[in-house]
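Observations on the three-dimensional arrangement
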Amino acid sequence: MDFENSLAFAKAQDKKDELGLYRSQFLFPKKNNKEFIYLCGNSLGLQPKVASEVIKSQLDSWADFAVEGWFEGDAPWMFYHKELKRLMAPIVGALPTEVCPMNTLTINLHLLLVSFYQPKGTKFKIIMEGGAFPSDQYAIESQVKFHGFDPNNAIIEVFPREGEETLRTEDIVAKIEANGDEIALVLFGGINYYTGQWYDMETITKAGHKVGAIVGWDLAHAAGNVPVQLHDWGVDFACWCSYKYQNAGPGGIGAIFVHEKHFENNNLNRFAGWWGYQEKKRFKMEKGFIPDDGADGWQVSCTQVIPMALYHASLQIFESAGFLKKLRLKSINLTGYLEFIINQINIILEVEQFKIITPRESESRGAQLSIIANKNGKQIFDDLVLNHILGDWREPNVIRLSPIPLYNSFEDIYLTGLALLDISKKALNKN
Ligand SMILES: *Cc1c(COP(=O)(O)O)cnc(C)c1O
């Protein structure tokens, strides 16, 4: 798409946008009665307007049926997760049997590591991206300690080359190959939270399997953002949250993927609970854990109905908008427009006022651009907020802006550029 830095161009794009009507299905934050331009859906997606209705309807079921709600009503709680499995599967390129909503993200990561981090002899190391999201770092560190290893020895981190901000696939693959005999598990974030880099998941998964390692992905920043094909790529396991790109609310329900090739493996450790027990016999309350079929066998506690109802509502929006094709196409154009607008600012100001560290190619990024200001990044970010534009700030020096195809417009991007230019001019004059 050829872009132009003008309001007329942005408005014309919005007029043509068949997904534009979804914007009205979301609630935007306000201050002094003025709505924000919201570019922070990578951190917390906006509330769909149906959310309160959906919660109200579950409260009604609880009121009307009480304990019988598990088996009665339009959508009995006992089987409530099944419809979510159907809706979630296409979001991550999985079979419905391979996915299940449960718990929250880091908890699920731990549960999956219990099953899939199986160090044996000298093959005990985990390879991951340097600068992974802290929760993942802590989870892995504590897991290797739990197995009696020293994190300094058992965790291999891959860092960008000197002077570069993102990882080269060839360097990741080379590191996996060089340490192949020692690697038990390859675990990366699908998209790095800081740089916005979408790793070449298929190639990395293949490289891990070639050295006999298990390969897992944390898709916190990828699920609902970019099209991933977990099943076809042969990924062993994955987990994600629903509150970032999937708009299911703060602390929303998490989800897991386990490839069907592992379904018949009885040697996997699990931290079990009654809700992961064979559904048909769950209420026989018998001794001796027998896992339910597929990903459902990793459930521990009973269904969190209200968070699941929110995720369900949000997944229905994705289904209706057409996730894989239409949303992604708009996302590529919106993010491309933001990149174009930021580069225009540099051209107008005749300095590299903003450097984008996120990769330029659309196959290496999703909706997020990570931007480093030449100077006074935090001040520029704060000024953006004063201008009613909400992205987020990540220490030490990145402004993250994420145009979300479900509810952002080209006009949002144009106006953000206008504000950034204005703020930058003032900042430069001051210096
Ligand atoms: C957001 C995020 C988390 C958050 O985990 P919770 O358990 O939901 O708090 C974990 N890992 C990654 C990579 C994230 O981006």
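Treat the numbers as computed from the prediction; the structure is a model and nothing was measured. (Residues numbered from 1 in each chain as written. Predicted model: local features only at pLDDT ≥ 70, side-chain atom pairs only at ≥ 80, totals over all residues. Heavy atoms only, no water.)

A look at the overall build of the protein
- A count of helices and strands for the protein gives twelve helices and 17 strands.
- Taken along the three principal axes of its C-alpha coordinates, the protein extends 75 × 60 × 30 Å.
- When each of the 431 residues of the protein is scored for burial, the buried share is 55%.
- Across the protein, the fraction of contacts at a sequence separation of at least 24, relative to all contacts at a separation of at least 6, is 71%.
- Accessible surface computed for the protein: about 19,100 Å², of which carbon and sulfur atoms make up 52%.
- The averaged location of the 52 negative side-chain charges in the protein is 2 Å from the averaged location of its 43 positive side-chain charges. (Helix = DSSP H or I, 4+ residues; strand = E, 2+ residues; numbered from the N terminus. Buried < 20%, exposed > 50% of the residue type's maximum accessible area, 1.4 Å probe, protein only. Contact = heavy atoms within 4.5 Å. Areas by Shrake-Rupley, 256 points an atom, 1.4 Å probe, with all protein chains shown as cover. Lys, Arg positive; Asp, Glu negative; His and termini not counted. Charge placed at Lys NZ, Arg CZ, Asp CG, Glu CD.)

Concerning helix α8 (residues 201-210)
- Within the span of α8, buried status applies to M201, I204, T205, A207 and G208. On an axial view of α8, the arc spanned by its buried residues comes to 160°, and they lie on one face. Set apart from the buried face of α8 by more than 90 degrees, the exposed residues are K206 and K210.
- If you follow the buried residues of α8, they end up packed against α7 (169-178), β9 (183-189) and β10 (214-218).
- Phi for G212, located one or two positions after α8, is positive at around 75°. (Arc of directions from axis to C-beta.)

Thoughts on the packing of aromatic side chains
- Within this structure, the stated rule accounts for 25 aromatic pairs.
- Measuring from centroid to centroid gives 5.7 Å for Y337 and F410, while their planes differ by 50°, and the two rings are tilted. With a gap of 73 residues between them, Y337 in helix α10 (residues 323-349) and F410 in helix α12 (residues 410-430) connect regions that are remote in the sequence. Comparing Y337 with F410, the two get one shared label, buried.
- Taken together, W70, F71, W77, F79, W274, W275 and F283 form an aromatic cluster joined through their ring pairs.
- Lying across the ring of W275, R282 places its NZ or CZ 4.5 Å from the centre. (Phe/Tyr/Trp six-rings, centres within 6.5 Å; stacked < 30°, edge-to-face > 60°. Lys NZ or Arg CZ within 6 Å of the ring centre and 35° of its normal.)

Thoughts on the sheet that holds strand β17 (residues 398-401)
- Spatial strand order, β13-β14-β17-β16: four strands in an open sheet with antiparallel pairing. At either end of the open sheet lies a strand with only one pairing partner, and these are β13 (354-356) and β16 (392-394). The sheet shows a mean angle of 35° between the axes of neighbouring strands, taken without regard to direction.
- Note: β13 against strand β14 (residues 369-373), three bridges, orientation antiparallel. (Pairing = 2+ DSSP bridges. Axes fitted to C-alpha atoms, helices over the stretch in contact; angles between N-to-C directions.)

A closer look at the sheet that holds β9
- With respect to topology, seven strands assemble into an open sheet ordered β6-β12-β11-β10-β9-β7-β8, the strand pairing being mixed. Strands with a single pairing partner mark the edges of an open sheet, and in this sheet they are β6 (99-101) and β8 (155-158). Taken pair by pair, the neighbouring strands of this sheet meet at an average axis angle of 15°, ignoring direction.
- Together, β9 and β10 form the strand contacts of α8, whose direction differs from that of β10 by roughly 150°.

Focus: the layout of surface pockets
- Volume-wise, the largest pocket comes out at about 340 Å³.
- Around the largest pocket, the lining comprises 20 residues; the ones closest to its centre are S57, Q58, D74, A75 and Y80.
- Mapped by element, the contributors of at least two residues to the lining of the largest pocket are α2 (51-65), α3 (80-92) and α9 (305-321).
- Of the residues forming the lining of the largest pocket, the biggest block, seven residues, is contributed by α2.
- When its residues are assigned to classes, the lining of the largest pocket shows nine nonpolar, six polar and five charged. (1 Å grid on protein atoms, 1.4 Å probe; cavity = no way out; pocket = protein on both sides within 12 Å on 5 of 7 lines; lining within 4 Å. Points joined across faces, edges and corners; volume = space filled by probe spheres on them. Nonpolar A, V, L, I, M, F, W, Y, C, P; charged D, E, K, R; others polar.)

Points about empty space enclosed by the protein
- Scanning the entire structure with this criterion turns up two cavities of 30 Å³ or more.
- Roughly 90 Å³ of internal volume is contained in the largest cavity.
- Taken together, G224, N225, Y245, F318, F323, L327, R328, S331, A367, I404, P405 and L406 form the lining of the largest cavity.
- Ranked by residue count, the leading element in the lining of the largest cavity is α10, at four residues.
- Tallied by class, the residues present in the lining of the largest cavity amount to eight nonpolar, three polar and one charged.
- No fewer than three residues from each of domain 1 (7-35 + 322-427) and domain 2 (54-320) sit in the lining of the largest cavity.
- Taken as a whole, the second largest cavity spans an internal volume of roughly 60 Å³.
- P101, M102, N103, I253, Q299, V300, S301, C302, T303, Q304 and M308 are the residues that line the second largest cavity.
- When its residues are assigned to classes, the lining of the second largest cavity shows six nonpolar, five polar and no charged. (Domains from an automatic or database assignment.)

Examining the site of the ligand
- Lining the immediate environment of the ligand, one finds L105, T106, F133, S135, D136, D218, A220, H221, Y243 and K244.
- D136 is positioned with one of its side-chain polar atoms (N or O) 2.7 Å from a nitrogen atom of the ligand.
- In isolation the ligand has 390 Å² of accessible area, and contact with the protein removes 83% of it.
- At the level of elements, α4 (105-116) and α5 (134-146) are the ones that each hand at least two residues to the shell around the ligand. (Near = heavy atom within 4 Å. Polar contact = N/O pair within 3.5 Å; in protein donor to acceptor, adjacent residues only side chain to side chain.)

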